[in-house]
Each structure stands twice: as structure tokens, then as C-alpha cells.
Amino acid sequence: MGFSPSKALAQAHQFKLVRTSETRNTCPYCSVGCGLILYGLGDNSKNVRTTIIHVEGDPDHPVNRGTLCPKGAGLVDFIHSPNRLKYPEYRAPGSSEWKRISWDEAFAKVARLMKDDRDKNFIAKNAAGATVNRWLTTGFLAASASSNESGYITHKVVRNTGILAFDNQARV
Ligand code: SF4
């Protein structure tokens, strides 16, 4: 019929990332702390929630220079997992049910429990009378993917309370 599709077929392929926005982040899995680029789809309008559709290693990041291990390479599934915890939950003593609570409620509850436990169990001096200022009945779990600065501040706050049991999720 005189019609040739060759021009239409030669049209440039539309890559899936072409309309995405890029956000830099850090892999949350281990203490290597690889840099990531998250590709989000959405036009940044007020009523549009951006969806992460792709995750890659950040080629400009000094730690991983664009590479990711299998865990980091599978992060997009972690982001969209139905089991992902996105807000605080509380299970009352003796209950089998987790109940959603606000961040303010969670902070107040944690602070209250920590204060009460520290008041009850803080050890100022050991048996020989030496000042030790220990608090051994509460532990603190921080994040391995924090920056140096937030790690430094977290360390200062936790050690100032006297807590000795202090670790991050990369070692658990
Ligand atoms: S990509 Fe792998 S090696 Fe890098 S921080 Fe994540 S889990 Fe660790």
C-alpha cells in the first residue's frame, strides 16, 4: 500500500527512567554504607505521591562508586514490601496485638521507660568506690547507615546516659 513503518520503528526508545526524578540516599542494610540513587516517578505536584521505581548505585559515591551487592540491588522490593514497618506500633504487656500509635506517643513512651529504668538501676560507683556511672539494664540500637555527624551525636547522647550496650543493625 506504499506505507513503510521504518521511520516509526526508528523512533528513539523511551527509557523507563526518562521521566523520573533522582534522589541520593544511603543503603540501610549494612555498615559499608553504599550510596544510592532512587528514581521516583511523579510530577512533584502537591497531591501526587512519588513512587520509587528503580534503585541504582551512585557512581559519584566514594564508598561504592556505582556498585551494589545483591542486597542493595534488591532494595526496590524492600521499599514496596507489604511487610515494611512505616510507623510506630505498640504491643501492650500480655497482648498479642500490635496497635498503631503516633510518633509523639512513641517518643513519650520510650523516654518514660528509659527514665524510670535509669533512675532505678544507674550505678554511680562500683564496689571499690570508684566512679563508674554505668547504666546496664537498657541497650540502644542505632543505624549503621548514619553519617559521621549523626553517628557522633548519637554516640555522645547514648554514652552520656551511661549505657554500655550500644550497637547497630549491621552487627545484629
Ligand atoms: S549495597 Fe550491600 S554492601 Fe552496600 S551498604 Fe548495602 S548491603 Fe552493604
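Please refer to the structure placed before this passage.
Structure report, in brief. These figures come from a predicted structure and were not determined experimentally. Residue positions are given per chain, counted from 1 along the sequence in the order it is written. At least 70 in pLDDT is required for a residue's local features to be given in this predicted model, at least 80 for side-chain atom pairs to be given and counted, and no such filter applies to totals for whole chains, interfaces and linings, which use all residues. For the side-chain quantities, the full set of heavy atoms in the structure was used; hydrogens and water were omitted.

**Some points on the overall build of the protein**
And then number 1: Scanning the protein from terminus to terminus reveals five helices and nine strands.
And then number 2: Going along the chain from the N terminus, every DSSP run of H or I of four or more residues is numbered as a helix, and every run of E of two or more is numbered as a strand. The secondary structure elements of the protein, listed N-terminal to C-terminal, are α-β-β-β-α-α-β-β-α-β-β-β-α-β.
And then number 3: In this treatment the radius of gyration is a C-alpha quantity, and the globule benchmark scales as 2.2 Å times the residue count to the 0.38 power. Since a compact globule built from 172 residues should have a radius of gyration of about 16 Å, the 24 Å found for the protein marks it as more spread out than a globular shape.
And then number 4: Oriented by its inertia axes, the alpha-carbon framework of the protein measures out at about 100 × 40 × 30 Å.
And then number 5: Classification of residues uses two cut-offs on accessible area relative to the type maximum, computed with a 1.4 Å probe and protein chains only: under 20% is buried, over 50% is exposed, and between them is partly exposed. Counting only residues that meet the buried cut, the protein has 17% of its 172 residues in that class.
And then number 6: The contact criterion used throughout is that any non-hydrogen atoms of two residues lie within 4.5 Å. In the protein, the proportion of contacts linking residues at least 24 apart, taken out of those at least 6 apart, comes to 39%.
And then number 7: Residues counted as positive are Lys and Arg, residues counted as negative are Asp and Glu, and His and the chain ends are not counted. Taken as the charge location is NZ of Lys, CZ of Arg, CG of Asp or CD of Glu. Averaged over its 23 positive side-chain charges, the protein has a centre that lies 3 Å from the centre of its 15 negative ones.

**Topic: the packing of aromatic side chains**
And then number 1: Only centres within 6.5 Å qualify two rings of Phe, Tyr or Trp (six-membered ring in Trp) as a pair; their planes then separate them into stacked at under 30 degrees, edge-to-face at over 60, and tilted for everything else. In the structure shown here, the tally under the stated rule is three aromatic pairs.
And then number 2: Ring geometry for tryptophan 103 against phenylalanine 107: centres 6.0 Å apart, planes inclined by 35°, an arrangement best described as tilted. Of the two residues, tryptophan 103 and phenylalanine 107 are both situated in helix H4 (residues 103-121); the distance of four residues between them amounts to about one turn of the helix.
And then number 3: Looking at phenylalanine 107, the relative accessible area reads 56%, which means it is exposed.
And then number 4: Here the aromatic rings of phenylalanine 140 and phenylalanine 166 are separated by 5.8 Å at their centres, their planes lie at 70°, and the arrangement is edge-to-face. Here phenylalanine 140, found in strand S8 (residues 140-142), pairs with phenylalanine 166, found in strand S9 (residues 166-168); they are 26 residues apart in sequence, far enough to count as distant.
And then number 5: The lysine or arginine in question, arginine 84, covers the ring of phenylalanine 78, its NZ or CZ lying 6.0 Å from the ring centre.
And then number 6: Between arginine 100 and the ring centre of tyrosine 87, over which it is positioned, the NZ or CZ distance is 3.6 Å. The rule for a charge over a ring is simple: NZ of Lys or CZ of Arg within 6 Å of the ring centre, and within 35 degrees of the ring normal.

**Some details on the pattern of salt bridges**
And then number 1: The salt bridge definition used is simple: a Lys or Arg side-chain nitrogen within 4 Å of an Asp or Glu carboxyl oxygen. Applying the stated criterion across every chain yields a total of four salt bridges.
And then number 2: Here arginine 24 makes a salt bridge to aspartate 58, at a shortest N to O gap of 2.6 Å. Of the two residues, arginine 24 sits in strand S1 (residues 20-26) while aspartate 58 sits in the loop between strand S3 (51-57) and helix H2 (70-73), which places them 34 residues apart along the sequence.
And then number 3: Across the pair arginine 112 and aspartate 116 runs a salt bridge, and its minimum N-O distance is 2.8 Å. Highlighted residues: arginine 112 and aspartate 116, both in helix H4, separated by four residues, approximately one helical turn.
And then number 4: Linked by salt bridges that have partners in common, Arg24, Asp58 and Asp60 make up one network.

**Thoughts on the sheet that holds S1**
And then number 1: At least two bridges found by DSSP between two strands are what make those strands a pair. Spatially, three strands are ordered S1-S2-S3 in an open sheet, and the strand pairing comes out antiparallel. Every other strand in the sheet has two partners, leaving S1 and S3 as the edge strands with one partner each. Across the sheet, the mean angle separating the axes of adjacent strands is 30° when strand polarity is ignored.
And then number 2: Pairing geometry for S1 and strand S2 (residues 35-41), over seven bridges, is antiparallel. In the strand pairing of S2, asparagine 25 is matched with leucine 36. Fitted lines through C-alpha atoms give the axes, limited to the stretch in contact for helices. The angle between two N-to-C directions lies from 0 to 180 degrees.

**Concerning helix H5 (residues 148-161)**
An α-helical turn contains 3.6 residues, so any two residues separated by three or four positions project in the same direction.
And then number 1: Between the first and last residue of a helix there are one fewer steps than residues, each counted as 1.5 Å, and that sum is the expected span. For H5, built from 14 residues, the straight-helix expectation of 20 Å at 1.5 Å per residue is met to within 8% by its first-to-last C-alpha distance of 20 Å.
And then number 2: Of the residues trailing H5, glycine 162 is marked for its positive phi of about 100°.

**Points about the nonpolar core**
And then number 1: Here, nonpolar core refers to any group of buried Ala, Val, Leu, Ile, Met, Phe, Trp, Tyr and Cys residues whose side-chain atoms link them within 4.5 Å. Among the nonpolar cores identified, the biggest contains eight residues, and these are Cys27, Cys34, Leu36, Leu38, Ile52, Val55, Leu75 and Ile79.
And then number 2: Among the secondary structure elements, those contributing two or more residues to this core are S2, S3 and helix H3 (75-79).
And then number 3: Residue contacts for leucine 38: discarding those within four places in its chain leaves Ser21, Glu22, Thr23, Asn25, Ile52, His54, Val55 and Ile79.

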